[in-house]
Amino acid sequence: MTVFLSGAPVWSEAAPIRVLALSSGDSTVVRLDGISRIAVGDGNIAGVVPVGTSQIIINAKHAGRTTVEVWARGNRITYDVTVVDQSIDSLAAILRTTLSEPGVDVVDFDKSVVARGTVDDIAHFQRVQDLLGRFDPLAKKEGFALVDAVTVKLPFGDIQRSLSDIPNTSGLRLDADAKGNVIVSGQVVDRTTAEAVLQRVRGVAGPYLAVDGKVIDRLAVETISQIDVKVYVLEIDQTGLSQLGLRLQGANPDPNLPNVLDYGDPTFIFAEGAQATGLGKALNVGAFIRQTRLAPTLDLILNTGHARILSEPNLVTSPGQQADFLVGGEIPYAYSTGLGQTSIQFKDYGVKLQITPTLLGNGGVETKIAPEISQLDFQDGITLNGFVVPAFTTSRLSTDVVTQPGESIIMGGLLQRVEQRNITKIPFLGDLPILGQLFRSTRYQTSQTDVVFVMTPEILTR
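Nothing here was measured: the structure is a model prediction, and the numbers come from that model.

Draft legend 1. Region of interest: the sheet that holds strand S3 (residues 27-31). In spatial order, the strands read S3-S6-S5; together these 3 strands make up an open sheet with antiparallel pairing. Either end of the sheet is taken by a strand with one partner, and the two such strands are S3 and strand S5 (46-51). Neighbour-to-neighbour, the strand axes of this sheet turn through a mean angle of 20°, independent of strand direction. Taken together, the 6 bridges between S5 and strand S6 (residues 55-60) define a ladder with antiparallel strand orientation. Bridge pairing in S6 places Pro-50 opposite Ile-56.

Draft legend 2. Representation of unusual backbone geometry within the structure. Even without a glycine there, the phi angle at Arg-73 is positive, about 50°. Secondary-structure assignment places Arg-73 in the loop between strand S7 (64-72) and strand S8 (75-84). The exposure class of Arg-73 is exposed, given its relative accessible area of 62%. A positive phi angle, near 60°, is found at Asn-168, a position not held by glycine. Its location among the elements puts Asn-168 in the loop between helix H3 (157-162) and strand S12 (169-176). Exposure remark for Asn-168: the relative accessible area of 53% places this residue in the exposed category.

Draft legend 3. Local environment of the sheet that holds S12. Strands sit in the order S12-S13-S14 across an open sheet of 3 strands; the sheet is mixed. The open sheet is flanked by S12 and strand S14 (215-221), the only strands paired with a single partner. Direction aside, neighbouring strands of the sheet carry axes that sit 10° apart on average. One ladder, built from 6 bridges, connects S12 with strand S13 (residues 182-188); its direction is antiparallel. Bridge pairing in S13 links Leu-174 to Val-184. Helix H4 (residues 191-204) rests against S12, S13 and S14 of the sheet, and its axis sits at about 155° to S14.

Calculation rules
Residues numbered from 1 in each chain as written. Predicted model: local features only at pLDDT ≥ 70, side-chain atom pairs only at ≥ 80, totals over all residues. Heavy atoms only, no water. Pairing = 2+ DSSP bridges. Helix = DSSP H or I, 4+ residues; strand = E, 2+ residues; numbered from the N terminus. Axes fitted to C-alpha atoms, helices over the stretch in contact; angles between N-to-C directions. Buried < 20%, exposed > 50% of the residue type's maximum accessible area, 1.4 Å probe, protein only. Contact = heavy atoms within 4.5 Å.

In short, geometric facts, not functional conclusions.
This is the structure in structure tokens:
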């Protein structure tokens, strides 16, 4: 629709677009000097009534969007008019009053109500989402869309700030993904620092994780860290066991001579810290500390012949990766598969060790250790299709220990008991029935040894 005002010259020059938003049934007055011409894109959405040459009245009729062109004093002015239903405008007004969140605004556009802006942290964001969720059924009932366009400036609030005081880090940040996980990214100097960052995040990220959410490591490490576990596998007899089990436990270093140990009498040690000075520490003899002072005792046991080294490997692996060690061999093991058929598989035996070390945020090393000792036992084996299938005598244990780099851990208890029967006889006479017992003798020998693992982890960084 175009309206000409008589006696006015007609020429035009483009001008910036102005935006008007009205509710259906409302009107607004536009004041301009020298109005000469008016045009409306869709008269069903908005109507225009000129009042003289200085004012026009724009009436909102039905929901929609149109333009109003006004020529005044040789300039063409464009009004972008959006008409919304009265109900959507009322909904937007209620939301504005209810939210009252700094930095968040509510606008209505066409058939949508949009909440837009930025909040400081995730707590304010959750409040906005909760309120919008309560209004969403009402909006759908009226045929409107409720759009959440609110963003978070610091999604993890104080957690993000707490990471700034960790040394040897840069650009640390936290992000949440669609599955409810927390992603930690940035750059750290080594793996130990990375574990310290992850440990702090895991301790405070609970409210931000989904039920099955995890803290995901996306940290970039400047250096590569590996763990070298030095292992001594010793076989110690009963005499050596008593020396290792009692005298080493009661050893107290001389503060003036740190490399000299005073073994003294066998004693019981309680891990209570310092000397007994108060109630409840009457039985405390000294502090129980894991350290490398066991080396002189091990050397003594080896030199006296009460122990021998079975193996001394160095196992190097990355944190969290398993390392395996085996001294022994594989034996073909026959088993029946049914219908008179026999299959062969190979089974390991001997001294076996599995370790999985990981780094901790405080610089320590947590190691999952699973040693195993196995021997072939033909005496208790079975015969299958003409083959003697031996049994296995096995000792194994599994534990999880935490040490500092350079500290040694002793693991024992893998006992081996061997019984031998030696027969001495005179040839021919010793084989006679009944009378042969007079010409031969039998001697029984029993020995017990313990296979001990001594492990010392070290951190290698390059």
